[in-house]
Amino acid sequence: MKNDFWNSPLTRSRVKTEDTKLPEMLLGYLIGPFGALLASGIFTSILQSYFTDVLKLDLAFLTTLQLISTVLIVAANLVVGQLIERTKTLAGKARPWILLSALTLSVASVLMFVVPFEGTAKMVWIAVAYNLYYAVAYPIYNTANSTLIPLSTRNSRQRGALASFTNMAGLGVMGAGSMVFPILVSFALKENPFLWFVAMLAVAIFSGLTIYLQYLFTRERVTEELAEQAAAAPEAKSAPSLGKQLKAVAGEKMWWIVILFYIGFQCSGALKNGSMTFFCKWVLDNSFFGTTDAWGASQSLLSILGAVPMAVAAAFVVPLCNQFSKRIVCMVGMLIGAAGGVIAGLGGSHIVPVAIGVALKCLGSAPACYMILALLADVIDHIEYKEHIRTDGLTMSIYSSIMVAATPICNAIFSAILNGSGYDQNVDVALGTLGQSAQAQAAISVSYIWVETVAFVACAVLIFFFTVEKDLPKEQRIIAERAEEK
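Here is a short report on the structure shown in this document. (Residues numbered from 1 in each chain as written. Predicted model: local features only at pLDDT ≥ 70, side-chain atom pairs only at ≥ 80, totals over all residues. Heavy atoms only, no water.)

### Here's the deal with the overall build of the chain
Line of reasoning, step 1. Summing up its helical and strand segments, the chain has 15 helices and zero strands in all.
Line of reasoning, step 2. The C-alpha radius of gyration computed for the chain amounts to 23 Å, which stays within 12% of the reference 23 Å derived for 486 residues, consistent with globular compactness.
Line of reasoning, step 3. Overall, the C-alpha framework of the chain stretches about 70 × 55 × 40 Å when taken along its three principal axes.
Line of reasoning, step 4. In the chain, buried positions account for 53% of the 486 residues.
Line of reasoning, step 5. In the chain, of all internal contacts separated by at least 6 residues, the share reaching a separation of at least 24 is 83%.
Line of reasoning, step 6. Accessible surface, the chain: about 21,600 Å² in total, of which carbon and sulfur atoms supply 68%.
Line of reasoning, step 7. Placing the 33 positive and 31 negative side-chain charges of the chain at their respective mean positions leaves the two points 5 Å apart. (Helix = DSSP H or I, 4+ residues; strand = E, 2+ residues; numbered from the N terminus. Rg over C-alpha atoms; globule rule 2.2 N^0.38 Å. Buried < 20%, exposed > 50% of the residue type's maximum accessible area, 1.4 Å probe, protein only. Contact = heavy atoms within 4.5 Å. Areas by Shrake-Rupley, 256 points an atom, 1.4 Å probe, with all protein chains shown as cover. Lys, Arg positive; Asp, Glu negative; His and termini not counted. Charge placed at Lys NZ, Arg CZ, Asp CG, Glu CD.)

### Some thoughts on the nonpolar core
Line of reasoning, step 1. Judged by nonpolar contacts, the single largest core of 134 residues is most densely connected at Phe-43 and Phe-51.
Line of reasoning, step 2. The contacts of Phe-43, once residues within four sequence positions are left out, are Ser-109, Met-112, Phe-113, Tyr-133, Tyr-134 and Met-200. (Core = buried A, V, L, I, M, F, W, Y, C linked by side-chain atoms within 4.5 Å.)

### So, the packing of aromatic side chains
Line of reasoning, step 1. Counted under the stated rule, the structure contains 26 aromatic pairs.
Line of reasoning, step 2. Here the aromatic rings of Trp-282 and Tyr-423 are separated by 6.4 Å at their centres, their planes lie at 75 degrees, and the arrangement is edge-to-face. Placement of the pair is Trp-282 in helix α9 (residues 253-282) and Tyr-423 in the loop between α13 (392-421) and α14 (438-464), with a sequence separation of 141 residues. For the residue pair Trp-282 and Tyr-423, the accessibility class agrees, reading buried in each case.
Line of reasoning, step 3. One aromatic cluster in this structure is built from Phe-43, Tyr-50, Phe-51, Phe-113, Tyr-130, Tyr-133, Tyr-134, Tyr-138, Phe-181 and Trp-196.
Line of reasoning, step 4. The aromatic ring of Trp-295 is capped on one face by Lys-281, whose charged end is 5.0 Å from the ring centroid.
Line of reasoning, step 5. Cation over ring: Arg-327 sits above Phe-464, and NZ or CZ is 5.3 Å from the ring centre. (Phe/Tyr/Trp six-rings, centres within 6.5 Å; stacked < 30°, edge-to-face > 60°. Lys NZ or Arg CZ within 6 Å of the ring centre and 35° of its normal.)

### A closer look at the side chain of Ser-106
Line of reasoning, step 1. Structurally, the position occupied by Ser-106 is in helix α3 (residues 95-111).
Line of reasoning, step 2. Taking the relative accessible area as the measure of exposure, Ser-106 reaches 10% and is therefore buried.
Line of reasoning, step 3. Here Ala-102 takes part through its backbone oxygen, which lies 2.6 Å from a polar atom of the side chain of Ser-106.
Line of reasoning, step 4. The residues contacting Ser-106, other than those within four sequence positions of it, are Ser-101, Ala-204 and Gly-208. (Polar contact = N/O pair within 3.5 Å; in protein donor to acceptor, adjacent residues only side chain to side chain.)

### Quick word on the environment of Val-342
Line of reasoning, step 1. Tracing the sequence through the fold places Val-342 in helix α11 (residues 326-346).
Line of reasoning, step 2. With relative accessibility at 37%, the residue Val-342 sits in the partly exposed group.
Line of reasoning, step 3. Remark: the alpha-carbon pair of Val-342 and Thr-89, spanning 253 residues in sequence, is separated by 53 Å.
Line of reasoning, step 4. Contacts of Val-342, omitting those with residues within four sequence positions, involve Trp-450 and Thr-453.

### Thoughts on the pattern of salt bridges
Line of reasoning, step 1. Tallying each qualifying case throughout the model produces eleven salt bridges.
Line of reasoning, step 2. Between Glu-452 and Lys-361 there is a salt bridge whose closest N-O contact spans 2.7 Å. Of this pair, Glu-452 sits in helix α14 while Lys-361 sits in helix α12 (residues 351-387), and the two are 91 residues apart along the sequence.
Line of reasoning, step 3. For Glu-452, a relative accessible area of 4% gives the class buried.
Line of reasoning, step 4. Its relative accessible area of 4% is what places Lys-361 among the buried residues.
Line of reasoning, step 5. Three or more residues are tied together by salt bridges with common partners; here these are Glu-18, Arg-219 and Glu-224. (Salt bridge = Lys/Arg side-chain N within 4 Å of Asp/Glu carboxyl O.)

### Some words on empty space enclosed by the protein
Line of reasoning, step 1. Under the definition given, this model contains one cavity of 30 Å³ or more.
Line of reasoning, step 2. Of the pockets and cavities examined, the largest cavity occupies roughly 40 Å³.
Line of reasoning, step 3. Around the largest cavity, the lining residues are Asp-53, Glu-191, Lys-281, Trp-282, Gln-425, Val-427 and Val-429.
Line of reasoning, step 4. Class assignment for the residues of the lining of the largest cavity results in three nonpolar, one polar and three charged. (1 Å grid on protein atoms, 1.4 Å probe; cavity = no way out; pocket = protein on both sides within 12 Å on 5 of 7 lines; lining within 4 Å. Points joined across faces, edges and corners; volume = space filled by probe spheres on them. Nonpolar A, V, L, I, M, F, W, Y, C, P; charged D, E, K, R; others polar.)

### Structural notes on a nonpolar patch on the surface
Line of reasoning, step 1. A surface patch of nonpolar side chains, amounting to about 560 Å² of accessible area, comprises Ile-304, Val-308, Val-312, Phe-316, Leu-320 and Phe-324.
Line of reasoning, step 2. With respect to the helices, strands and loops of the structure, Val-312 is situated in helix α10 (residues 295-324).
Line of reasoning, step 3. By relative accessible area, Val-312 is classed as partly exposed at 47%. (Patch = residues over 30% accessible without salt bridge, like charges linked within 9 Å, V, L, I, M, F, W, Y side chains within 5 Å.)

### So, the packing of α9 against α14
Line of reasoning, step 1. As a packed pair, α9 and α14 sit with axes 8 Å apart at the nearest point and diverge in direction by 160 degrees. Of the possible angle classes, the one that applies to α9 and α14 is roughly antiparallel. Note that α9 runs across α14; the crossing there is left-handed.
Line of reasoning, step 2. Partitioned by chemical class, the residues of the contact of α9 with α14 number 18 nonpolar, seven polar and two charged. (Axes fitted to C-alpha atoms, helices over the stretch in contact; angles between N-to-C directions. Parallel < 35°, antiparallel > 145°, perpendicular 65-115°, else oblique. Left-handed = near helix turned anticlockwise from the far one by under 90°.)

### So, unusual backbone geometry
Line of reasoning, step 1. Notably, Ser-325 is not glycine yet its phi reads approximately 95 degrees, a positive angle.
Line of reasoning, step 2. Relative to the helices and strands, Ser-325 resides in the loop between α10 and α11.
Line of reasoning, step 3. Overall, the relative accessible area of 18% leaves Ser-325 in the buried class.
Line of reasoning, step 4. Although it is not a glycine, His-388 sits at a positive phi angle of roughly 65 degrees.
Line of reasoning, step 5. Structurally, His-388 is set in the loop between α12 and α13.
Line of reasoning, step 6. When its relative accessible area of 53% is taken as the criterion, His-388 is described as exposed.

### Observations concerning helix α8 (residues 242-250)
Line of reasoning, step 1. Along α8, the positions that sit buried rather than exposed are Gln-245, Ala-248 and Val-249. Taken around the axis of α8, the buried residues stretch over an arc of 90 degrees, which confines them to a single face. (Arc of directions from axis to C-beta.)

### Some points on α9
Line of reasoning, step 1. Counted at 1.5 Å a residue, the expected span for α9 with its 30 residues is 44 Å, and the 43 Å between its end C-alpha atoms agrees.
Line of reasoning, step 2. Most pronounced at Ser-275, the bend in α9 amounts to some 45 degrees.
Line of reasoning, step 3. With 22 of its 30 residues buried, α9 lies for the most part within the structure.
Line of reasoning, step 4. The distance from a side-chain oxygen at the start of α9 to the backbone nitrogen of Met-254 is 3.0 Å, and the residue carrying that oxygen is Glu-252. (Expected span 1.5 Å × (residues − 1). Bend = angle between axes of the 7 residues up to and from the residue.)

Here you go:
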């Protein structure tokens with residue numbers, strides 16, 4: 001084993017303790033994921049604007065590209081999940097893919113900003129680069145990174161701390177993408193493709209280094225334990241077939257409720273994120289900041305006012321859910337978010353009421369953001385009680401596919417909306433609210449504010465009928481008794 005690749009000085013894990021310690025938490029679950037996901041946070045906020053206003057790509061082409069890419073993205077997530085499940089190395093089954101991502105994710109994140117061609121060749125290059133990132137590199141990293149937490153330890157308190165650090169990393173990259181990068185674009189990068197390339201090259205290098213650090217400072221203790229058990233008892237019970245899992249989830253209405261809830265929540269949020277830059281450029285009156293082209297400052301302000309309530313809510317969501325149930329807290333949150341959407345929508349181009357409304361929307365969305373995985377876990381236990389099988393693999397693959405595919409699908413829809421509304425890609429941003437037609441501005445406002453507002457109301461109605469929690473403790477006791485009897 002001494003000569004094994006995974007035992008070399010460059011690939012050997014630096015984590016030696018059985019308990020998770022601060023270096024593992026900081027480097028493996030905060031700094032590593034932050035660097036890896038930084039490009040994704042930037043893309044969520046600004047990539048659509050880069051395509052339309054910097055590269056001047058045809059809107060019909062963007063719609064077609066993003067819709068076709070969605071099929072590849074969903075397939076890739078399902079395939080990568082199965083590849084990880086079948087990986088057996090001394091480094092574990094998820095960490096080798098993390099190491100591979102240090103190369104694939106960092107390289108893919110910069111390719112869309114290296115555009116050596118014009119005309120049809122440019123569109124082909126963008127299509128290939130886009131899919132190398134979203135349908136190859138990102139699924140490899142994201143699936144492996146999501147799998148690390150349950151494999152890191154069986155200690156639930158330590159696992160909860162690791163999950164908190166990972167969530168902090170996710171909030172951090174969204175903050176960097178929606179608060180910091182738009183200011184850099186509006187005041188420095190503007191519509192200069194070379195400057196965009198330099199900025200994203202720096203991001204790519206940072207990503208590669210931090211992903212490598214994440215690989216070094218993580219450890220799959222549960223995988224090591226299972227490997228020892230497999231060595232002692234080679235005959236292991238096989239997982240339920242995909243067909244059996246499909247039958248179990250398809251016949252459970254509670255599973256459909258939580259999946260539809262997540263689709264509405266995630267897709268409306270993706271449409272909001274993709275249209276945010278356009279809303280700040282062409283709908284808001286940016287003279288509030290002294291100049292009509294200070295859209296980056298407006299976007300940063302809205303992002304900050306959205307992030308702060310969500311950060312504060314993190315301290316209260318779990319206690320409230322323990323007191324009143326996840327169903328009630330998520331339902332009330334959705335209704336608060338819908339009220340905020342109405343305020344923002346009625347604010348028109350005035351930044352103060354829009355900012356207040358956005359802050360309320362984000363506060364209301366906090367319970368769903370923090371509790372969606374817990375809701376899915378509850379329904380998985382409920383299905384296990386009824387059907388005597390676990391459906392984690394299928395359910396989490398579908399969850400991951402929705403999470404990743406929502407952005408390209410909604411960006412494609414938004415591209416079509418812009419195309420149909422008469423959006424002019426050649427207007428000087430300094431014109432602000434005078435730069436686009438009233439029809440285009442209305443389409444952007446609907447995409448940024450009203451779609452999510454309506455979705456929140458629908459999600460509140462859906463989650464009201466999610467009654468799994470009522471009998472879950474009893475069902476979990478029965479599941480435990482079954483395990484003891486075997």
